[in-house]
Amino acid sequence: MTPFGSLAGLGVGPAAERVYRDLISGGTSTAAEVGVRLGIGAGEVTAALDALVPAGLVDVADGRLSAVSPSLALGAIVVRREQEVRDARTALDALAEEYQKARQVHVSDGIEIVRGERELGGLLSRLLLSGREQYRLFAKPPFSVNGLSETETEREVAGRGLRERVIIERTVLDEPAAEKDLLTSLDRGQEIRMVQSLPAKFLIVDDTIAIVQLTRGGAAEPENALVRSGGLLDCLIFTFESLWRTAMQLREAPGRRVDPYLASPTDLNDPADREVLTLLLAGYTDAAVAARLGIGLRTVQRRVRRLMDLAGTDSRVLLGWHARDRGWL
């Protein structure tokens, strides 16, 4: 690679680019002189000229070669390429419309209805591979396309370092081999939390696009909505993040088991935290807790903030709910 970048995007190959750059810096030359400067044979120079001369990048007169001004020669190529891109975009839009008509896909205000398991399976793979930062997933049975077992696409996504957050419904744990598959997902870095029930199944990729299942899993022709940026996508993201804050995180328990209740002894191992939490749940204010324990108000507030962070919530009511389920008291 040269320090100037590459002209490959304009259809100029590496060998031809070397010759063109040499003529720009070396001035009018013979093919033999170019070959000597670059340390290549006459055949390689001739092959490069076969590409450069028809492209209008090099002029030949009386056996001597001269580079055409880059702003003139390459500017014309750039204009042609821009037109080609515009033509491709027009063709793409026409093909997309034809595709939708052939498959009875309906599009309205950024929402596209997709029918059939085959269409859905391919769409899910393409969406996952398009992600750049993260994906969020609501998972609940029945699974009509992909179950809990890891797919080749998911392994590829994991290798790219995307953040993967999954909220599962409690009934997922009743699926065959659920524990083994969930442990595999935890091992590869997925963040998995659980709630008692989910309203639907959906996948959100970055903050740009989502796929939502509209019909029950197992339907003969399942319908799914592809949702692009807009109010509905914002609602899906809000729903996910709201449930994420209150859901119980899955962890690996001793003996390679899934622990859905976060009863980890390291979560709350400070007796002072337990005292603060006990008084809070008994209805004491922060100031009353501080007076009763003989510590500063800010110390109490810092401990409460830490407890809420451990529970993954900003609500003191939900803090009590989490404390109960995690066995903190």
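Since the model is a prediction, treat every value here as computed from it, not as a measurement.

Time to look at the pattern of salt bridges. A complete count under the given rule lists 12 salt bridges for this structure. Residue R228 is joined to E112 by a salt bridge in which the shortest nitrogen-to-oxygen separation is 3.5 Å. In this pair, R228 is assigned in strand β10 (residues 223-228) and E112 in strand β4 (residues 111-115), connecting sequence segments 116 residues apart. On the accessibility criterion, E112 (10% relative accessible area) is buried. R136 serves as the salt-bridge partner of E241, at 2.9 Å between the closest nitrogen and oxygen. With E241 in helix α8 (residues 231-246) and R136 in strand β5 (residues 134-139), this pair connects stretches of sequence that are 105 residues apart. For the pair E241 and R136, one class covers both residues: buried. A network of salt bridges, in which partner residues are shared, links R136, R165, D207 and E241.

Every buried residue of helix α7 (residues 178-187) is listed here: A178, D181, L182, L183, S185 and L186. Backbone geometry just after α7 places G189 at a positive phi near 100 degrees.

Before going further, it helps to spend a moment on the environment of E152. Locating E152 in the fold gives a position in helix α6 (residues 152-159). Note: C-alpha distance between E152 and S125 (27 residues apart in sequence) is 9.3 Å.

The element β5 is largely enclosed, with a buried count of five among its six residues. Looking at chain direction, β5 and strand β6 (residues 163-169) are connected through six bridges and run parallel. Looking across to β6, one finds that A139 is bridged to I168. Bridge count for β5 against strand β8 (residues 202-205) is four bridges, and the pairing is antiparallel. Looking across to β8, one finds that F138 is bridged to F202.

Positive phi values are uncommon outside glycine, yet D62 reaches one of about 55 degrees. Residue placement: D62 occurs in the loop between β1 (58-61) and β2 (64-67).

Grouped together as the largest cluster of nonpolar side chains are 20 residues, with contacts concentrated most on V19, V34, L52, L57 and V58. Of all elements in the fold, only α1 (14-26), α2 (31-38), α3 (42-52) and α4 (70-102) reach the threshold of two or more residues within this core. Residues contacting L52, with those up to four places away along its chain left out, are V12, A16, V19, Y20, L57 and V58. Formed by 17 residues, the second largest nonpolar core is a distinct cluster that contains A210, A225, L236 and I237.

What follows deals with the packing of aromatic side chains. By convention here, two paired aromatic rings are described through the distance between centres and the angle between planes. Under the criterion given, the structure shown has three aromatic pairs. Put simply, the rings of F138, F202, F240 and W244 touch in pairs and so form one group of aromatic residues. Positioned above the aromatic ring of W244 is the side chain of R165, whose terminal nitrogen or guanidinium carbon lies 5.1 Å from the ring centre.

Now for the environment of I192. Here I192 shows up in strand β7 (residues 191-195). For I192, a relative accessible area of 1% corresponds to the buried category. Once the C-alpha coordinates of I192 and I167 are considered, the two residues, 25 residues apart in sequence, prove to be 5.8 Å apart. With residues near it in sequence (within four places) discarded, I192 still touches V166, I168, L182, S185, L186, W244, M248, Q249 and L250.

So, how was this worked out
Residues numbered from 1 in each chain as written. Predicted model: local features only at pLDDT ≥ 70, side-chain atom pairs only at ≥ 80, totals over all residues. Heavy atoms only, no water. Salt bridge = Lys/Arg side-chain N within 4 Å of Asp/Glu carboxyl O. Helix = DSSP H or I, 4+ residues; strand = E, 2+ residues; numbered from the N terminus. Buried < 20%, exposed > 50% of the residue type's maximum accessible area, 1.4 Å probe, protein only. Pairing = 2+ DSSP bridges. Core = buried A, V, L, I, M, F, W, Y, C linked by side-chain atoms within 4.5 Å. Contact = heavy atoms within 4.5 Å. Phe/Tyr/Trp six-rings, centres within 6.5 Å; stacked < 30°, edge-to-face > 60°. Lys NZ or Arg CZ within 6 Å of the ring centre and 35° of its normal.

Read these as layout, nothing more, since geometry by itself doesn't imply function.
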